[in-house]
Amino acid sequence: MKRNITIGILAHVDAGKTTLSESLLYLSGKIKKLGRVDHKDTFLDTYELERSRGITIFSKQAIFDYNDISINLLDTPGHTDFSPEMERTLQVLDIAILIISAPDGVTSQAKMLFKLLEHYNVPTVIFVNKTDQPGTDISSTTSSIRDNLSSSCTSFNEDLPEDEFHEELAMCDEELLSSYLEGNKITSEDIIRLIRKRKCFPILFGSALKNNGVQKLLNLICLAAPSLSSEAKNSDGTPKEFGARIYKISRDNAGNRLTHIKITSGVLNVRDSIRGEKIDQIRLYSGDKFEPVPSAYAGMVCAVTGLSKTRAGEGLGILEGSNVSEILQPILSCTLLLPEDINPIPVYKQLKLLEEEEPMLRVTSLEETGQIEIQIMGEVQKEILRHMLKTRFDIDAEFGPGHTVYKETIANTVEGVGHFEPLRHYAEVHLLMEPGEPGSGLVFSSDCPTDDLALNWQRLILTHLGEKKHRGVLTGSEITDMKITLIAGKAHEKHTEGGDFRQATYRAIRQGLMQADSVLLEPILDYRIELPQDCVGRALTDIQMMNGTVGLPDIEGDRSVLTGTVPAACLGEYAHELSAYTRGEGHIFTTLHGYGPCHNAEEVIASSGYDPDLDNDNPSSSVFCMHGAATLIPWDEAPSHMHINTKKSNYASSDAITDLTQDIDPEAIRRLNNRKSQEDTRSFAEKQKDYFATENELKYIFERTYGEIKPRYTDDRSVLAPQDGIAADNNRDLAVEQEKTNKHRNMAAAEKAALEASKHYLLVDGYNVIYASEELKDLARKDLKAARDSLVDILSNFQGYRREEVLLVFDAYKVPGGKEHIDKIGNLTVIYTKEAETADQYIEKAAHEISKKYRVTVATSDAIEQVIVFSAGAIRMSASEFWKEVEATRQSILDKILEKKHKF
């Protein structure tokens, strides 16, 4: 089987990267004619805008054979706006070619690329291109490369004397130097070892356009590149385990989702199952064409169809869980401006598809305004996104002004605690949150004994820590540069579910952030300014005014070079200003240095208007079960209520706090679970009986655990029904009960009490039931207000025929300054919650208060809300059961109408 190697070509823009790819393909015989960027006929630039602009936007693959080696060539974007696309390919390279343009020298972009290659530990060969242009000084270029990149960069120029060449090689490694000084010769094997261990970076010279030096480059790459064993079995005959790394997600012209991977071990076959999904097809791409194959082996780069939940950077098979995060991050965020007749909801979903292909877009929808925010790298990327939205989704969109992407971290060590315990749920999490090194990102680990918390729960908590971007408490920006350690946790033997730990983990992070000394971070840029010497004074003053730092000016000929750092928010359009006052001779080059403390933090925090207490998507409170009901405990009071005490915590012991879930009758729970797991094929009326039998069993479990629930009304909690049928039976039962009461009370008072007790309130979670109806859900995608009005009309008819009072509740908690208000539409009461209050919160509060005197039913499919309202004494009804009840009422109305028609 052929040896497979994967090589990548990296360069700053216009250094000749695509031209070198063409030359390599031509020399190998893959293409018969050399394409040119200016002729718009290159093999790998297949996207329309790539050819029109003459730049590479998406990484592309070509496969060719050379000297009995199968080579996967990955051409990457050179423009800084598409650097994340380039960075993702580094994860799968065996060796890289870094191109330096001889006329341009070592640019800031080239320095950044070299640092990335070091981070991903990729062996690197440097190719100095365009050496055929007049004025090229090979010796000066070599010195510049060694000074700016690494002293281990070694010229492989044939003009270099052998002794001098070997001396330079020996200086790259102490062990080799000792051997060389003892008189031993340096062999080809020594050179290969140095390159593969990144102790030597060969420098070759040539011209890709004229094919000069390219053959020598290709020979060295084939000799030095490490490769993976493509054998499917171990030496003992056992099959090797499958492993792969995902480096890209894309879609073909037919809309099929492609997962681009490099096989790192074992073999992948069509119809194999990965994460519960079948591999439909394995494709070997070369340019815009592909060859379907039945199997792929270690070292091969391929694209597979059939996987819907994969993400770039993830590992598959034995690499599962070893995800890789990009270093390069966007520092600008823009608002997407859509035409007035375009519904932002479907656009948001379409953009999320693009986010799968370019994860750095980080598309978000601001619930307060409905606006869509996208993070970008620069202006060129905006143009590409506009073109993609038009060609793929027929959307004409523009972008608002860019604003800086801030981040947050902490300055001190705190313990964050989270508890989630509504009825029949339980999880508690304790996290130690420590400041990390700048640029370290988020690091998660566990220091929790398995005797205290099982390993499977610990792994789940670590998964929840890393599965989302957690928001800080200053501006709601993403948090970074922290070490978060799981130090304690608690699960319940019967009642803990996976989602419980998600809630407890999120709340623990948030609780820790609320008590920590948070620090706002802003993006800091490294800059290099080249300008005439007579303009240096003006530039130094500008940098100082922009809160930047600057080193001593360097003199290069008749020009000065300034280097340092500057906050990205302060730089603005300085490139245009620089060009103006230097008469076009000044240039600035920038790369992201990292994130540092914000120079105007108070101003930024005040302008953001962010209030962490109003962020209902990121609660800092904990949920405890108290007196048979779920109770929210504020973040600053939560530590004293926790059920476990950690040695690393300064909080008082909470050993005296009773775990109210310990004594629930296991046999009753088993009966309830069995009932839920059985498929029910009976009539709707029988289902109603079974539903409320389950309700009675829940009541039995609750009372067995916490004591008897005191009756809050006199009649039984029967199912909602029209004013005949089941309701009539209930009325007869009520009459019997009333007759007993009459023996002891005055008749008039008893009648009044019975009337009061028979009041029945139905609380409906508006948006929850909308999305439980296929018809209204489809309407909501196009026009949410129309779906809301339609539900109001339906419930107005429903209310007119029913004896219960219907309260329809809609969210308005994200409307700034919104006040709770009530609309009376016929007999129907429609309630809009106030700012910072969800429909769930309103219904839970209303159910708790109203059920003290009256019968209450809550229609919702929110599982947590169902548990909480039941603990308050209300009747639960799922959204699907509610719609069946609505349909039964509608049918009853029609039957009454038909009955009257027949009478007349």
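Described in the following lines is the structure provided in the data block. (Residues numbered from 1 in each chain as written. Predicted model: local features only at pLDDT ≥ 70, side-chain atom pairs only at ≥ 80, totals over all residues. Heavy atoms only, no water.)

## Let's talk about the sheet that holds strand β1 (residues 3–11)
The mixed open sheet is built from seven strands, whose spatial order is β2-β3-β1-β4-β5-β7-β6. Each edge of the sheet is formed by a strand with only one pairing partner; in this case those strands are β2 (60–66) and β6 (153–155). Ignoring which end each strand starts from, the neighbouring axes of this sheet average 25 degrees apart. Looking at chain direction, strand β4 (residues 95–101) and strand β5 (residues 124–129) are connected through six bridges and run parallel. Paired with Ala 96 across the two strands is Thr 124, which belongs to β5. Helix α4 (residues 108–119) contacts β1, β4, β5 and β7 (201–205) of the sheet and is inclined by roughly 165 degrees relative to β4. (Pairing = 2+ DSSP bridges. Helix = DSSP H or I, 4+ residues; strand = E, 2+ residues; numbered from the N terminus. Axes fitted to C-alpha atoms, helices over the stretch in contact; angles between N-to-C directions. Contact = heavy atoms within 4.5 Å.)

## Some points on the pattern of salt bridges
Taken as a whole and assessed by the stated rule, the structure comprises 35 salt bridges. Glu 357 serves as the salt-bridge partner of Arg 392, at 2.9 Å between the closest nitrogen and oxygen. Taken together, the residues span a long stretch of sequence, with Arg 392 in helix α11 (residues 379–393) and Glu 357 in helix α10 (residues 344–357) at a distance of 35 residues. Judged by relative accessible area, Glu 357 falls into the buried class, the value being 12%. In this structure, the salt-bridge partner of Asp 615 is Arg 471, at a minimum N-O distance of 3.6 Å. On the criterion of sequence distance, the pair formed by Asp 615 in the loop between α17 (601–608) and β34 (622–626) and Arg 471 in the loop between α12 (455–466) and β27 (478–479) is long-range, its members being 144 residues apart. Taking the relative accessible area as the measure of exposure, Asp 615 reaches 4% and is therefore buried. (Salt bridge = Lys/Arg side-chain N within 4 Å of Asp/Glu carboxyl O. Buried < 20%, exposed > 50% of the residue type's maximum accessible area, 1.4 Å probe, protein only.)

## Points about the packing of helix α23 (residues 774–782) against helix α24 (residues 784–801)
The N-to-C vectors of α23 and α24 enclose an angle of 145 degrees; their axes lie 6 Å apart at closest approach. Counted together, Leu 776, Leu 779, Ala 780 and Lys 782 of α23 and Leu 784, Ala 786, Ala 787, Ser 790 and Leu 791 of α24 form the full contact between these two elements.

## Things to note about a negative patch on the surface
Judged by side-chain charge, Glu 162, Asp 163, Glu 164 and Glu 167 come together as a negatively charged surface patch. Note on Glu 162: relative accessible area 56%, which makes it exposed. (Patch = residues over 30% accessible without salt bridge, like charges linked within 9 Å, V, L, I, M, F, W, Y side chains within 5 Å. Areas by Shrake-Rupley, 256 points an atom, 1.4 Å probe, with all protein chains shown as cover. Lys, Arg positive; Asp, Glu negative; His and termini not counted. Charge placed at Lys NZ, Arg CZ, Asp CG, Glu CD.)

## With respect to the packing of aromatic side chains
A complete count under the given rule lists 10 aromatic pairs for this structure. On the numbers, 5.8 Å between centres and 65 degrees between planes, the contact of Phe 882 with Trp 883 is edge-to-face. The pair formed by Phe 882 and Trp 883 is uniform in burial state, with each residue classed as buried. Through pairs of rings, three or more aromatic residues link up here, namely Tyr 767, Phe 810 and Tyr 832. The cationic tip of Lys 468 hangs over the ring face of Tyr 506; the distance from NZ or CZ to the ring centre is 4.6 Å. The lysine or arginine in question, Arg 788, covers the ring of Phe 810, its NZ or CZ lying 5.9 Å from the ring centre. (Phe/Tyr/Trp six-rings, centres within 6.5 Å; stacked < 30°, edge-to-face > 60°. Lys NZ or Arg CZ within 6 Å of the ring centre and 35° of its normal.)

## Details of the packing of helix α6 (residues 162–170) against helix α7 (residues 174–181)
Following both chains from N to C, one finds α6 and α7 inclined at 140 degrees, their axes separated by 8 Å at the closest point. Between α6 and α7, the crossing angle belongs to the class labelled oblique. In contact with Asp 163, His 166, Glu 167, Leu 169 and Ala 170 of α6, α7 contributes Leu 176, Leu 177 and Tyr 180. Considering only residue class, the contact of α6 with α7 consists of five nonpolar, one polar and two charged. (Parallel < 35°, antiparallel > 145°, perpendicular 65-115°, else oblique. Nonpolar A, V, L, I, M, F, W, Y, C, P; charged D, E, K, R; others polar.)

## Details of the pairing of β2
Within β2, six of the seven residues are buried, which leaves the element mostly enclosed by the surrounding structure. The pairing of β2 with strand β3 (residues 69–75) spans seven bridges and is antiparallel. Paired with Lys 60 across the strands is Asp 75, a residue of β3. From the end of β2 to the start of β3, which pair antiparallel, there are two residues, and Asn 67 there has a positive phi angle of about 50 degrees.

## Concerning helix α8 (residues 188–196)
Regarding α8, the residues found buried are Asp 190, Ile 191, Ile 192, Leu 194 and Ile 195. For α8, the secondary structure elements touched by its buried residues are β4, α6, α7, β7 and α9 (214–224). Of the residues flanking the end of α8, it is Arg 198, one or two places downstream, whose phi is positive at about 60 degrees.

## Describing the side chain of Thr 89
Tracing the backbone shows Thr 89 in helix α3 (residues 83–89). Here Thr 89 falls in the buried class, since its relative accessible area comes to 1%. Residues in contact with Thr 89, not counting those within four places in the same chain, are Ser 59, Leu 74, Thr 76 and Tyr 247.

## What about the sheet that holds strand β14 (residues 289–293)?
Two orientations exist for strands paired in a sheet by backbone hydrogen bonds: parallel and antiparallel. Spatial ordering of the open sheet is given by β14-β13-β16-β9-β8-β17, a layout of six strands whose pairing is antiparallel. Edge positions in the open sheet fall to β14 and β17 (315–317), since each of these has one partner strand only. The sheet shows a mean angle of 40 degrees between the axes of neighbouring strands, taken without regard to direction. Of the pairings in the sheet, the one linking strand β9 (residues 257–265) to strand β16 (residues 301–305) comprises four bridges and is antiparallel in character. In the sheet register, Lys 262 faces β16, and the bridge partner there is Val 301. Along the sheet, α10 makes contact with β8 (243–251) and β9, crossing β8 at roughly 140 degrees.

## Considerations on the pairing of β8
Most of β8 is tucked away: eight of the nine residues are buried. Of the strand pairs in this sheet, β8 and β9 are connected by eight bridges, and their pairing is antiparallel. Paired with Arg 251 across the two strands is Arg 257, which belongs to β9. Strand direction decides the pairing type here: β8 and β17, joined by three bridges, are antiparallel. When the sheet's bridge partners are listed, Ala 244 is paired in β17 with Leu 316.

## Some words on the side chain of Glu 356
In this fold, Glu 356 is placed in helix α10. Residue contacts for Glu 356: discarding those within four places in its chain leaves Ile 249, Arg 251, Arg 257 and Arg 311.

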